[in-house]
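Results of the structural survey
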Amino acid sequence: MDAPEEAGRGAGEHHTTAERTSEREVMVTRTFEAPARLVFEAWTRPELLKRWWAPQSIGMTFLSCEADVRTGGTYRFVFGHPAFEQPAAFFGRYLEVTPPARLVWTNDEGGEGGAVTTVTFEERGGVTRVVMRDVYASKEALDEAIASESTADMTESFEQLDELLVTLNVGAGG
Amino acid sequence: MVHYETARLDASFAALSDATRRGVLEQLGRAEASISDLAETFHMTLTGMKKHVGVLERAGLVATRKVGRVRTCGLGPGRLTQETQWLEAYRRLWAARFDALDTVVEELKHKERGDGRT
């Protein structure tokens, strides 16, 4: 993170970073060697979104992907996984859609206290830095999300890491 | 800071890939112990246990100090907190998604370049 605007220029420099930036915010960043409008397009056209939101390594598959990507529009993603008894649905509303710079949506599947996700697309010289922020209602809401989706048991942490990836709010941020 | 953190986590998860080492951490979470205590608990040779403790120590998961002739082990400063684990899992999820997104974006780029020529 020493020089964010340089990140992504060299091959293999596309690190995804994640950090808790405040009591109630988690930030994820990544750069893409493409103009913002293309990254934005891949994020807002359901048929494109469907191709990357549930990558193979996560083990989940889309059962349906509906997204009316405009301010006030809603989305609903339904996933299946061999370990799930029931398909998992993630849904919410787009609070802001500003091509090709900014997307804001709610995450309503968990009821009240769900995070609001803001994604910004900052283009500089044909390289786009994507910054995604999940802002929770309170410190307690984020702490609770961490506690409920983590395993406190050290000895099981490694085995459960893969599972965690699956059960972790895969819909968070969408 | 972030890159350092990533490297440290890689070391941590590598250290945790071994059942004995996970057991050692669990044990040390309850109470400090000497290497020979640990060797006995896990039915290992002293040399074998020293190696495991060394891996855990380099990952920052275990800290050792020598008191007289006895080396005592405890949990280290870099032990994985619940929050760190959660963040790392979240990061990996998004890294996987973003790699897939990168493929889609590259395709769009090529398609756009191809338009007008083909």
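I will try to describe carefully the structure that is included in this document. (Residues numbered from 1 in each chain as written. Chains lettered and ligands numbered in written order. Predicted model: local features only at pLDDT ≥ 70, side-chain atom pairs only at ≥ 80, totals over all residues.)

Moving on: the sheet that holds strand β3 (residues 70-75) of chain B. Strand pairs in the sheet, formed through backbone hydrogen bonds, run parallel or antiparallel to each other. All names here are of chain B. What the 3 strands build is an open sheet, ordered β1-β3-β2; its pairing is antiparallel. One side of each edge strand has no neighbouring strand; the edge strands of this open sheet are β1 (33-34) and β2 (62-67). Sitting on the sheet, helix α2 (residues 19-30) touches β1, β2 and β3, and the angle it makes with β3 is about 90 degrees. Those strands touched by helix α4 (residues 46-58) are β2 and β3, and its axis lies near 120 degrees from that of β2. (Pairing = 2+ DSSP bridges. Helix = DSSP H or I, 4+ residues; strand = E, 2+ residues; numbered from the N terminus. Contact = placed C-beta atoms within 7 Å. Axes fitted to C-alpha atoms, helices over the stretch in contact; angles between N-to-C directions.)

Once that is clear, we can look at the nonpolar core. A:Ala18, A:Val39, A:Ala42, A:Trp43, B:Tyr90, B:Trp94 and B:Val105 are the most contacted members of the largest nonpolar core, which totals 41 residues. Of all the elements in the fold, those that place two or more residues in this core are β2 (25-32), α1 (36-44), β4 (74-80), β6 (102-106), β8 (127-135) and α3 (139-149) of chain A together with α5 (82-114) of chain B. Considering each element in turn, this core owes the most residues, 10 residues, to α5(B). Residues contacting B:Trp94, with those up to four places away along its chain left out, are A:Thr16, A:Ala18 and A:Val28. (Core = buried A, V, L, I, M, F, W, Y, C linked by C-beta atoms within 7 Å. Buried ≥ 20, exposed ≤ 12 C-beta atoms within 10 Å, placed from the backbone.)

It is worth spelling out unusual backbone geometry at this point. Among all residues save glycine, negative phi is the norm, and among peptide bonds the norm is trans. Here the bond from A:Pro99 into A:Pro100 is cis, since omega is -10 degrees, no more than 30 degrees from zero. Structurally, the position occupied by A:Pro100 is in the loop between β5 (88-98) and β6. In this model, B:His43 sits at a positive phi of 50 degrees, which is unusual for a non-glycine residue. Structurally, the position occupied by B:His43 is in the loop between α3 (35-41) and α4.

This paragraph deals with the pairing of β2(B). All names here are of chain B. Examined bridge by bridge, β2 and β3 share 6 bridges and lie antiparallel to one another. The partner of Ala63 across the bridge, within β3, is Gly74. Taking the residues between adjacent antiparallel strands as the criterion, β2 and β3 are bridged by 2 residues, where Gly68 takes a positive phi near 65 degrees.

What follows is about the sheet that holds strand β3 (residues 61-67) of chain A. One open sheet holds the 8 strands; their spatial order is β1-β2-β8-β7-β6-β5-β4-β3 (chain A), and the pairing between them is antiparallel. Each edge of the sheet is formed by a strand with only one pairing partner; in this case those strands are β1 (17-22) and β3 of chain A. Taken pair by pair, the neighbouring strands of this sheet meet at an average axis angle of 20 degrees, ignoring direction. Where β2(A) meets β8(A), 8 bridges bridge the pair, whose relative direction is antiparallel. Within the sheet, the bridge partner assigned to A:Thr31 lies in β8(A) and is A:Arg129. Contacting β2, β6, β7 (116-124) and β8 of chain A, α1(A) crosses the sheet at an angle of about 150 degrees to β7(A). Contacts from α5(B) reach β1 and β2 of chain A, with the element oriented near 130 degrees to β1(A).

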